[in-house]
Amino acid sequence: MSTEAPLPIAQIGEPILREVAREVTPEELATPETQAFIDRLVGTMRHARGAGLAATQVFDGRRICAIEVGENPRYPYKPRIPLTVLVNPKLTPLSDETFMNYEGCLSVPDLRGLVPRHVGVRVQALDRHGAPIDREVWGLSAGTFQHETDHLLGTLFVDRVQDPKTLCTWATFEAHHKAAFVERVEALVARFGA
Ligand code: NI
């Protein structure tokens, strides 16, 4: 793990957050520079206690994101996701069914909002070593994968909020919306195991 300082995180309004990230070739992925960048992306995600971080959020235009949910005080109700680095990810919905996910983002300070997400997605990508990933992700975790890969298409969760009246801060989420949301999440997790 890199001991370098965390990278600065782009905040909403930065043009790079609206760019479509560019594909990474297997040759570029294998370079020490790209591998060191991935280490710093992961280190920055962990330092910021995010559930995921996309390259565009650290001012880098490559189509790479990291996802990890461990013991996270920011999201105590989230099922665990082991560290996953996705290169050139492509998501395909596996169901038209959606669930409403309360999301936040390291690039959108102190704001959460309710976003519809597919309950299941097929995830195709390369891992950091260039090996193919092809798996299904269901339940709350599917929302996390959709949020992160959205970043690489220039989309932020606020774009997908259907009812702006659901917007809240972290404090008002805790005070007024968390209990009902966690109840719905627990039903989703019970159904999909994730
Ligand atoms: Ni985000």
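Residues numbered from 1 in each chain as written. Predicted model: local features only at pLDDT ≥ 70, side-chain atom pairs only at ≥ 80, totals over all residues. Heavy atoms only, no water.

1. Notes on empty space enclosed by the protein
Leftover empty space is mapped by rolling, across the atoms, a probe with the size of a water molecule. Operational definition: Buriedness for pockets is judged along seven lines, at least five of which must meet protein on both sides within 12 Å for an open set on the 1 Å grid over protein atoms alone, while cavities are sets there where a 1.4 Å probe fits but cannot get out, and lining residues have an atom within 4 Å of a point. Grid points are joined across faces, edges and corners, and a volume is the space filled by probe spheres set on the points. To qualify as a helix, a DSSP run of H or I must reach at least 4 residues; to qualify as a strand, a run of E must reach at least 2; elements of each kind are numbered from the N terminus. For this classification, Asp, Glu, Lys and Arg are treated as charged, while Ala, Val, Leu, Ile, Met, Phe, Trp, Tyr, Cys and Pro are nonpolar and the rest, including Gly, are polar.
Tallying each qualifying case throughout the model produces one cavity of 30 Å³ or more. Roughly 200 Å³ of internal volume is contained in the largest cavity. Together, 22 residues line the largest cavity, and Ala 51, Tyr 75, Lys 78, Gly 104 and His 147 are the ones closest to its centre. Taken together, the elements giving at least two residues each to the lining of the largest cavity come down to β4 (98-105) and α3 (140-151). Counting residues per element, the lining of the largest cavity draws most heavily on α3, which supplies six residues. Of the residues contributing to the lining of the largest cavity, the split by class is eight nonpolar, nine polar and five charged.

2. What about the coordination of the nickel ion?
Cut-off, in case you're wondering: Metal-coordinating donors are taken as N, O and S atoms lying within 2.8 Å of the metal, or within 3.2 Å when the metal is Na, K or Ca; because water is left out, some sites can appear incomplete. Accessibility here uses a 1.4 Å probe with only protein chains present; expressed as a share of the type maximum, an area under 20% marks a residue as buried, one over 50% as exposed, and anything in between as partly exposed.
The protein atoms donating to the nickel ion are Cys 105 (SG), His 147 (NE2) and His 151 (NE2), with metal-donor distances spanning 2.1 to 2.3 Å. The sequence motif formed by the donor residues of the nickel ion is C-x41-H-x3-H. Of this pair, His 147 and His 151 both sit in helix α3, separated by four residues, roughly a single helical turn. As far as burial versus exposure is concerned, His 147 and His 151 are alike and both buried.

3. Looking at the state of the cysteines
This is how the line gets drawn: Our working definition of a disulfide is a cysteine sulfur pair at a distance within 2.5 Å.
Applying the stated criterion across every chain, the model contains zero disulfides. Looking at Cys 168, it has no disulfide partner, and the nearest cysteine sulfur is the one in Cys 105, 14 Å off.

4. Concerning helix α2 (residues 32-47)
We apply this condition: Working rule for helices: expected span equals 1.5 Å times residues minus one.
Helix length check: α2, at 16 residues, gives a terminal C-alpha distance of 22 Å against a target of 22 Å (1.5 Å per residue), a fit within 8%. All buried positions along α2 are accounted for by Thr 34, Gln 35, Phe 37, Ile 38, Leu 41, Val 42, Thr 44 and Met 45. The positive-phi residue at the C-terminal boundary of α2 is Arg 49, with phi of around 60°.

5. A word on the side chain of Glu 103
Quick note on the threshold: Contacts described as polar in this section are N or O atom pairs within 3.5 Å, which, within protein, must combine one atom able to donate a hydrogen with one able to accept it, while residues neighboring in sequence count only if both atoms come from side chains. By definition in these notes, contact holds between two residues if any of their heavy atoms fall within 4.5 Å.
By the secondary structure assignment, Glu 103 is in strand β4. Looking at Glu 103, its side chain comes within polar contact range of the side chain of Asn 101, at 3.0 Å. Sequence-distant contacts of Glu 103, that is, excluding residues within four places in its chain, are made with Leu 111, Arg 112, Gly 113, Val 115, Arg 117, Gly 143, His 147 and Phe 157.

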